[in-house]
Amino acid sequence: MPDIPSSFDQLQTPCFLVDVDIVKKNAEKMQERCKKLGVKLRPHMKTHKTTEAGEILTNGTKQRIVVSTLNEAEFFADNGFDDILYAFPLTEDKINRCVYINN
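No experiment lies behind these values; they were computed from the predicted model shown.

This part takes up unusual backbone geometry. Between Thr13 and Pro14 the backbone carries a cis peptide bond, its omega angle lying at 0 degrees. Inspection of the secondary structure assignment puts Pro14 in the segment before helix H1 (20–37). One non-glycine residue, Lys49, lies in the positive phi region at around 50 degrees. Mapped onto the fold, Lys49 is located in the loop between H1 and helix H2 (51–57). On the basis of relative accessibility, which here comes to 46%, the residue Lys49 falls in the partly exposed class. A positive phi angle is found at Arg64, which is not glycine, with a value near 60 degrees.

In structure tokens form, the structure reads like this:
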């Protein structure tokens, strides 16, 4: 296993860095705002594409998410997420795959 870098200048780029505390704080703000407005938050998974961030953004419920591809839908469904909204028009050639993912 490679050594874990101890400073930013040791990172190999490109790389993806996340301050988890900031993500959690921002997610809590979004969830609280939606609660005050009386609406349900449906976060988009497009940018992070990780189950860890998905769990943070859904407050651990793994429900009500938005995806941009059927690969994303299948990934999140396989990892226990449900109520997945596919954010693009559904064409006939994708119906069988959607039924498969739904089951």
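So, on to the pattern of salt bridges. Per the stated rule, a full pass over the model turns up 4 salt bridges. Of the charged contacts in the structure, one is a salt bridge between Glu72 and Lys49, with a shortest N-O distance of 3.3 Å. Here Lys49 lies in the loop between H1 and H2 and Glu72 lies in helix H3 (residues 70–78), a separation of 23 residues in the sequence. Exposure remark for Glu72: the relative accessible area of 6% places this residue in the buried category. Between Arg97 and Glu74 there is a salt bridge, with its nearest N and O atoms 2.7 Å apart. A residue pair is termed long-range when its members are at least 10 positions apart, and Arg97 in helix H4 (residues 95–102) and Glu74 in helix H3 qualify at 23 residues. Residue Glu74 is classed as buried on the basis of its relative accessible area of 19%.

Here we take up the packing of H3 against H4. In contact at an axis separation of 10 Å, H3 and H4 are set at 15 degrees when each is read in the N-to-C sense. Considered as vectors, H3 and H4 are oriented roughly parallel to each other. Where H3 crosses over H4, the two elements pack in a sense that is left-handed. Contacts between H3 and H4 involve Leu70, Asn71, Ala73, Glu74 and Ala77 from the first element and Arg97, Cys98, Tyr100 and Ile101 from the second. When the residues that make up the contact of H3 with H4 are grouped by side-chain class, the tally is 6 nonpolar, 1 polar and 2 charged.

The rules we used
- Residues numbered from 1 in each chain as written.
- Predicted model: local features only at pLDDT ≥ 70, side-chain atom pairs only at ≥ 80, totals over all residues.
- Heavy atoms only, no water.
- Helix = DSSP H or I, 4+ residues; strand = E, 2+ residues; numbered from the N terminus.
- Buried < 20%, exposed > 50% of the residue type's maximum accessible area, 1.4 Å probe, protein only.
- Salt bridge = Lys/Arg side-chain N within 4 Å of Asp/Glu carboxyl O.
- Axes fitted to C-alpha atoms, helices over the stretch in contact; angles between N-to-C directions.
- Parallel < 35°, antiparallel > 145°, perpendicular 65-115°, else oblique.
- Left-handed = near helix turned anticlockwise from the far one by under 90°.
- Contact = heavy atoms within 4.5 Å.
- Nonpolar A, V, L, I, M, F, W, Y, C, P; charged D, E, K, R; others polar.

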